[in-house]
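An overview of the molecular structure
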Amino acid sequence: MEVAGEVLQSGSSQELHVLAVDDSYVDRKVIEKLLKISSCKVTAVESGARALQFLGLDGGKGSLGFNGLKVNLIMTDYSMPGMTGYELLKKIKRSSTFREIPVVIMSSENILTRIDSCLEEGAEEFLVKPVKLSDVKRLTKDCVTRGETEGKDGGRVDKRKLEDDNHTSSSSSIPSSPSTTTSFGCGLATSELPLSPMHSSKRAKLRDRD
């Protein structure tokens, strides 16, 4: 029996399923379009409360998920009425069923304290709007890579360990020059991409934890 929230395993023919949460109709349609271009199955909801209801974390019986449809990635806006993306993140990370699902926070405001708080609570990334197609493609590729790694290991993997291993590997392969590889998302090393302030904050926090 499949459990909602399980990450896709290697060799699966299913699409990645992304839960997109945004109170703005326009922003919700934009992210939905970008995800569909990236060959993802999308469930779009307008609030944190609806997201919890879909996942079955609202205290009710069951969820609004269709036939136990697995969720591989959650992308949520930060500033929403009723429940912020940060509050939604905390509830998801406290769930034994869904805490391993990558959660990406999106915001039109680049506020460092907000970024740090989300990363400390376990957010995969913090993206400043407008979200680009390249961001979505990278995130979905990261999730596929994570699923393949977990499939080979027969269980869950430590994201920080993967990032440390990737960083060590890239440094040792190019001893005469600084490494140009940055680890993103679910542990995928992506070469020659500019390091933004958001990613710098993420890496700093991960180093502090280690």
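Residues numbered from 1 in each chain as written. Predicted model: local features only at pLDDT ≥ 70, side-chain atom pairs only at ≥ 80, totals over all residues. Heavy atoms only, no water.

As recorded in an unreviewed UniProt entry, the chain goes by Response regulatory domain-containing protein and comes from Hibiscus sabdariffa.

Quick look at helix α1 (residues 25-37) now. Counted at 1.5 Å a residue, the expected span for α1 with its 13 residues is 18 Å, and the 18 Å between its end C-alpha atoms agrees. Those residues of α1 that sit buried are Arg28, Ile31, Glu32, Leu34 and Leu35. For α1, the angular spread of the buried residues around the axis is 165°, confining them to a single face. Facing away from the buried side of α1 by more than 90 degrees, the exposed set consists of Tyr25, Val26 and Lys33. Just downstream of α1 lies Ser39, where phi reads positive at about 65°. (Helix = DSSP H or I, 4+ residues; strand = E, 2+ residues; numbered from the N terminus. Expected span 1.5 Å × (residues − 1). Buried < 20%, exposed > 50% of the residue type's maximum accessible area, 1.4 Å probe, protein only. Arc of directions from axis to C-beta.)

What follows is about the sheet that holds strand β2 (residues 41-45). Strand pairing in a sheet is mediated by backbone hydrogen bonds. Such pairs are either parallel or antiparallel. Taken in spatial order, the five strands of this open sheet run β2-β1-β3-β4-β5, and their pairing is parallel. Sheet topology places β2 and β5 (125-128) at the edges, where each strand pairs with a single neighbour. Neighbour-to-neighbour, the strand axes of this sheet turn through a mean angle of 20°, independent of strand direction. In the packing of α1 onto the sheet, the strands contacted are β1 (17-21), β2, β3 (73-77) and β4 (103-107), and the crossing angle to β2 comes to about 170°. Against the sheet, helix α3 (residues 85-93) contacts β1, β3 and β4, and its axis sits at roughly 175° relative to β4. (Pairing = 2+ DSSP bridges. Axes fitted to C-alpha atoms, helices over the stretch in contact; angles between N-to-C directions. Contact = heavy atoms within 4.5 Å.)

Turning to the confidence of the model for the chain, a few remarks are in order. Residues with a pLDDT of 70 or more make up 60% of the chain, whose mean pLDDT is 75. A low-confidence stretch, residues 203-207 stays under pLDDT 50, and its non-local contacts, those more than four residues away or across chains, total seven contacts. (pLDDT = per-residue confidence, 0-100.)

What follows deals with the UniProt feature "modified residue: 4-aspartylphosphate" (unreviewed entry) in the chain. Taking the UniProt record as the reference, the feature "modified residue: 4-aspartylphosphate" (unreviewed entry) is found at Asp77. Its location among the elements puts Asp77 in strand β3. By relative accessible area, Asp77 is classed as buried at 5%. Contact partners of Asp77, with chain neighbours within four places excluded, come to Val21, Asp22, Asp23, Gly85, Met106, Ser107 and Lys129. (UniProt positions renumbered as here; feature names shortened; annotations may be inferred.)

Of all hydrophobic cores here, the largest spans 25 residues; its most connected members are Leu19, Leu55, Ile74, Ile105 and Cys118. Counting only elements with at least two residues in this core, the list comes to β1, α2 (48-55), α3, β4 and α4 (112-120). (Core = buried A, V, L, I, M, F, W, Y, C linked by side-chain atoms within 4.5 Å.)

Taken together, the side chains of Tyr25, Val26 and Val30 present a nonpolar region at the surface, about 310 Å² in accessible area. Assignment of secondary structure puts Val30 in helix α1. (Patch = residues over 30% accessible without salt bridge, like charges linked within 9 Å, V, L, I, M, F, W, Y side chains within 5 Å. Areas by Shrake-Rupley, 256 points an atom, 1.4 Å probe, with all protein chains shown as cover. Salt bridge = Lys/Arg side-chain N within 4 Å of Asp/Glu carboxyl O.)

All right, on to the side chain of Arg114 then. Here Arg114 shows up in helix α4. Look at Arg114 and you get buried, because its relative accessible area is 15%. A polar side-chain atom of Arg114 sits 3.0 Å from a polar atom in the side chain of Glu109. (Polar contact = N/O pair within 3.5 Å; in protein donor to acceptor, adjacent residues only side chain to side chain.)

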